[in-house]
Amino acid sequence: MTSSEPWTRATAERYDAEETEMASAAVLEPTLAFLAEAAGTGPALEFAIGTGRVGVPLRERGVPVVGIELSEHMAAVLRRKIDEDTLPVVVGDMADTVVPGEFTLVYLVYNTITNLLTQDEQVECFRNAARHLRPGGRFVVELGLPPLRLLPPGQVAVPFDVSERHLGFDTFDLVEQILVSHHFTRDGDDGRYRRDNSRHRYAWPAELDLMARIAGLTLERRVADWHGAPFTQDSTKHVSVWRKPT
């Protein structure tokens, strides 16, 4: 049984409308260019493909894509955009679901590995990526760094968005490496707010490198964003590439 919390029908139906910035050309173009280069001439497998924000346009670029998605509701939204023959999707847990074939690229975007709430399952996710990769293939993960430097002693919450229609903040369990993202979203103009939250297990780059070593992968590259900016101590996220030996 996965520790991930599957997306509900209601969340899946409004997901694209609430993530318009992430679907913008400014965000997607460097993401797609990075992934297409990493895939080379081979096919790609997206773990936690969701509604296809990245997988669908990557397929439209000519990269064959297969997806694994835990939520049937998210997969149903994706299916309205593209047919099964063009972009196959298997409903299952990215830590252990196996799909046919070998891939030059397996990838996880937008912090999705944190949906696995235990270290053991995150390790299994790396092993599952390695299982699907051809020799020389790459595993790419995009992951934010928890802003723990902003936490003074005794404080457990950090805001990440304070705007007219949305208030978002994260709370941290520093012992278990669990963060909870809290969202208060204004629905309509009657002053009512919808409250949502989701749990995530954050992991540091060095911890992910060890997971990769356990899975037989080696770090090839780590950058601060999809544009390839250098990763530094002040970076707020990283895009890391591990490779399967030839």
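Residues numbered from 1 in each chain as written. Predicted model: local features only at pLDDT ≥ 70, side-chain atom pairs only at ≥ 80, totals over all residues. Heavy atoms only, no water.

- If you look the protein chain up in an unreviewed UniProt entry, it shows as Methyltransferase from Embleya hyalina.

Some thoughts on the overall build of the protein chain
Turning to step 1, where the next piece is worked out: Each helix and strand in the protein chain was counted, giving six helices and eleven strands.
Turning to step 2, where the next piece is worked out: Its C-alpha atoms give the protein chain a radius of gyration of 18 Å, near enough to 18 Å, the size a compact globule of 246 residues would have.
Turning to step 3, where the next piece is worked out: Oriented by its inertia axes, the alpha-carbon framework of the protein chain measures out at about 55 × 40 × 35 Å.
Turning to step 4, where the next piece is worked out: For the protein chain, the computed accessible surface area is about 12200 Å², with 54% contributed by carbon and sulfur atoms.
Turning to step 5, where the next piece is worked out: Of the charged side chains in the protein chain, 26 are positive and 36 negative, and the gap between their average positions amounts to 3 Å. (Helix = DSSP H or I, 4+ residues; strand = E, 2+ residues; numbered from the N terminus. Rg over C-alpha atoms; globule rule 2.2 N^0.38 Å. Areas by Shrake-Rupley, 256 points an atom, 1.4 Å probe, with all protein chains shown as cover. Lys, Arg positive; Asp, Glu negative; His and termini not counted. Charge placed at Lys NZ, Arg CZ, Asp CG, Glu CD.)

Considerations on unusual backbone geometry
Turning to step 1, where the next piece is worked out: With a phi close to 55°, alanine 48 is a non-glycine residue in the positive phi region.
Turning to step 2, where the next piece is worked out: Within the secondary structure, alanine 48 is located in the loop between β1 (44-47) and α3 (55-60).
Turning to step 3, where the next piece is worked out: On the basis of relative accessibility, which here comes to 19%, the residue alanine 48 falls in the buried class. (Buried < 20%, exposed > 50% of the residue type's maximum accessible area, 1.4 Å probe, protein only.)

With respect to helix α6 (residues 205-214)
Turning to step 1, where the next piece is worked out: Within the sequence span of α6, burial applies to Pro205, Glu207, Leu208, Asp209, Met211 and Ala212.
Turning to step 2, where the next piece is worked out: Looking at the packing, one finds that the buried side of α6 touches α5 (119-132), β5 (133-144), β9 (193-201), β10 (218-223) and β11 (237-243).
Turning to step 3, where the next piece is worked out: At the exit of α6 stands glycine 216, carrying a positive phi of roughly 85°. (Contact = heavy atoms within 4.5 Å.)

Concerning the packing of aromatic side chains
Turning to step 1, where the next piece is worked out: All told, the structure shown has eight aromatic pairs when counted by the stated rule.
Turning to step 2, where the next piece is worked out: Ring plane angle 85° and centroid distance 5.0 Å describe the contact between phenylalanine 126 and phenylalanine 139, whose orientation is recorded as edge-to-face. Here phenylalanine 139 lies in strand β5 and phenylalanine 126 lies in helix α5, a separation of 13 residues in the sequence.
Turning to step 3, where the next piece is worked out: We classify phenylalanine 126 as buried; its relative accessible area is 0%. (Phe/Tyr/Trp six-rings, centres within 6.5 Å; stacked < 30°, edge-to-face > 60°.)

Brief notes about the nonpolar core
Turning to step 1, where the next piece is worked out: The biggest cluster of nonpolar side chains holds 29 residues, and the ones touching the most others in it are Leu45, Phe47, Leu108, Phe126, Phe139, Leu217 and Trp242.
Turning to step 2, where the next piece is worked out: Looking at this core, the elements with two or more residues in it are β1, β2 (65-69), β4 (103-108), α5, β5 and α6.
Turning to step 3, where the next piece is worked out: Of the residues forming this core, the biggest block, five residues, is contributed by α5.
Turning to step 4, where the next piece is worked out: Beyond its immediate chain neighbours, meaning those up to four positions away, phenylalanine 126 contacts Ile113, Phe139, Leu208, Met211, Ala212, Ala215, Leu217 and Trp242.
Turning to step 5, where the next piece is worked out: If you look at the next biggest cluster of nonpolar residues, it comprises 26 residues, including Ala44, Leu78, Leu87 and Leu105. (Core = buried A, V, L, I, M, F, W, Y, C linked by side-chain atoms within 4.5 Å.)

Let's talk about the sheet that holds strand β8 (residues 178-186)
Turning to step 1, where the next piece is worked out: Ordered in space as β6-β7-β8-β9, the four strands form an open sheet in which the pairing is antiparallel. If you trace the sheet from one side to the other, it starts and ends with β6 (157-162) and β9, each paired once. Pairs of neighbouring strands in the sheet enclose a mean axial angle of 20°, with direction left out of account.
Turning to step 2, where the next piece is worked out: Judged from the five bridges that link them, β6 and strand β7 (residues 166-173) form a sheet pairing that is antiparallel. Note on β7: the bridge partner recorded for aspartate 161 is glycine 168. (Pairing = 2+ DSSP bridges. Axes fitted to C-alpha atoms, helices over the stretch in contact; angles between N-to-C directions.)

Some points on the domain arrangement of the protein chain
Turning to step 1, where the next piece is worked out: Parsing the protein chain into structural domains produces domain 1 (9-145 + 204-244) and domain 2 (148-198).
Turning to step 2, where the next piece is worked out: Put simply, the middle of domain 1 and the middle of domain 2, counted by C-alpha atoms, are 25 Å apart.
Turning to step 3, where the next piece is worked out: Between domain 1 and domain 2, the residue contacts involve seven residues of the former and seven residues of the latter.
Turning to step 4, where the next piece is worked out: The interface formed by domain 1 and domain 2 holds two salt bridges in total.
Turning to step 5, where the next piece is worked out: At the junction of domain 1 and domain 2, the tally comes to three residue pairs in polar contact (both at pLDDT 80 or more).
Turning to step 6, where the next piece is worked out: Across the side of domain 1 that touches domain 2, the residue classes tally to two nonpolar, one polar and four charged. (Domains from an automatic or database assignment. Salt bridge = Lys/Arg side-chain N within 4 Å of Asp/Glu carboxyl O. Polar contact = N/O pair within 3.5 Å; in protein donor to acceptor, adjacent residues only side chain to side chain. Nonpolar A, V, L, I, M, F, W, Y, C, P; charged D, E, K, R; others polar.)

Here we look at the UniProt feature "domain: Methyltransferase" (unreviewed entry) in the protein chain
Turning to step 1, where the next piece is worked out: Mapped onto this numbering, the UniProt entry annotates "domain: Methyltransferase" (unreviewed entry) at residues 45-137.
Turning to step 2, where the next piece is worked out: In residues 45-137, helix accounts for 30% and strand for 24%; the two terminal C-alpha atoms are 11 Å from one another. (UniProt positions renumbered as here; feature names shortened; annotations may be inferred.)

Focus: the pattern of salt bridges
Turning to step 1, where the next piece is worked out: Applying the stated criterion to the full structure yields 13 salt bridges.
Turning to step 2, where the next piece is worked out: Aspartate 196 is paired through a salt bridge with arginine 14; the nearest N and O atoms lie 3.3 Å apart. Here aspartate 196 is found in strand β9, whereas its partner arginine 14 is found in helix α1 (residues 9-18), with 182 residues between them in sequence.
Turning to step 3, where the next piece is worked out: Take aspartate 196: its relative accessible area is 24%, and that puts it in the partly exposed class.
Turning to step 4, where the next piece is worked out: Here the salt bridges do not stand alone but share partners, grouping Arg14, Arg194 and Asp196 into one network.

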